[in-house]
Amino acid sequence: MALTDADVQKQIKHMMAFIEQEANEKVEEIDAKAEEEFNIEKGRLVQTQRVKIMEYYEKKEKQIEQHKKIQMSNLMNQARLKVLRARDDMITDLLNEARQRLGEIAKDPARYSTLLEGLLLQGFYQLLEPKVTIRCRQQDVEMVQTAVIKNIPIYKEAVKSNIDVRIDQERFLPSEICGGVEVYNDNGKIKVSNTLESRLELMAHQMMPEIRVNLFGANPNRKFMD
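Residue indices follow the written sequence of each chain, beginning from 1 at its first position. Per-residue local features are limited, in this predicted model, to residues with pLDDT of at least 70; the limit for side-chain atom pairs, both in listing and counting, is 80 or more; totals at the level of whole chains, interfaces and linings are taken over all residues. Note: side-chain values were computed over all heavy atoms of the structure, leaving out hydrogens and water.

Draft legend 1. Up close: the sheet that holds strand S2 (residues 164-167). What makes two strands pair is DSSP finding at least two bridges between them. Secondary structure elements are taken from DSSP: a helix is a run of H or I of four residues or more, a strand is a run of E of two residues or more, and numbering for both begins at the N terminus. Judged by pairing direction, the sheet is mixed, and its four strands sit side by side in the order S2-S1-S3-S4 without closing on themselves. On the outer flanks of this sheet lie S2 and strand S4 (191-195), each paired with one strand and no other. Direction aside, neighbouring strands of the sheet carry axes that sit 20° apart on average. Pairing of strand S1 (residues 131-136) with strand S3 (residues 180-185), which is carried by five bridges, proceeds in the antiparallel orientation. When the bridges of S3 are listed, Val132 appears paired with Asn185. The contact rule is simple, with two residues in contact once any of their heavy atoms fall within 4.5 Å. Every axis in this analysis is a line fitted to C-alpha atoms, fitted for helices over the stretch in contact. Angles between the N-to-C directions lie between 0 and 180 degrees. Each of S1, S2, S3 and S4 is contacted by helix H2 (residues 109-127), which is oriented at about 20° to S3, the strand it contacts most. The sheet strands contacting helix H3 (residues 141-159) are S1, S2 and S3, and the helix crosses S2 at an angle near 175°.

Draft legend 2. How the structure looks around H2. In a helix, the anticipated span is given by 1.5 Å times the number of residues less one. Its 19 residues place the ends of H2 27 Å apart at the C-alpha level, agreeing with the 27 Å of an ideal helix rising 1.5 Å per residue. Every buried residue belonging to H2 is among Tyr112, Leu116, Glu117, Leu119, Leu120, Leu121, Gly123, Phe124 and Leu127, and all of these are buried. Backbone geometry just downstream of H2 places Leu128 in the positive-phi region, at approximately 50°. Working definition: with a 1.4 Å probe on protein chains only, accessible area under 20% of the residue-type maximum means buried, over 50% means exposed, and in between means partly exposed.

Structure below.
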């Protein structure tokens, strides 16, 4: 039985409707898959960027913390240096005051003559030479001569040996020093410095740990008192 034009048109419309429906379903499937892939890729990108941002700020935080530590360390070092400078200044002032007091001793003839006798005799004992030369301040020559005369018998009795003592009348110690003497062997190569300044420096060096403890207290970081 032959199809009429109406039947043909009807079948064509039916086929077109079927094709269109399949196309729409395919489009919807493709759109859904694309949306899913888009969401997955978006999530991956967001997570990647989130990790990068977290790493960036973690790095920044570490840099800031390190910078704070360096600044704190610098501030502590500066404060420590200021304290050390202040302590050194205090010790310098203390030694300067001691020098001024030493200068007062030379103004008391009785005390100074006794001190010179001890400094000279100590120089003799340290050198143990048959011939020695003494240098002193020009204003002390007479007092030193008296001390030499008094000390020679004491030295001879103690070491059972003679000693020839000469006072240098050409080269004197500076008049502005506090006092004392320098004692040389015969050729001048060995010197015993017994000026009041040198004795003060020696005592200050030997007693510096004790001085620091008395002024500033014990240092908890110091194991040995040297």
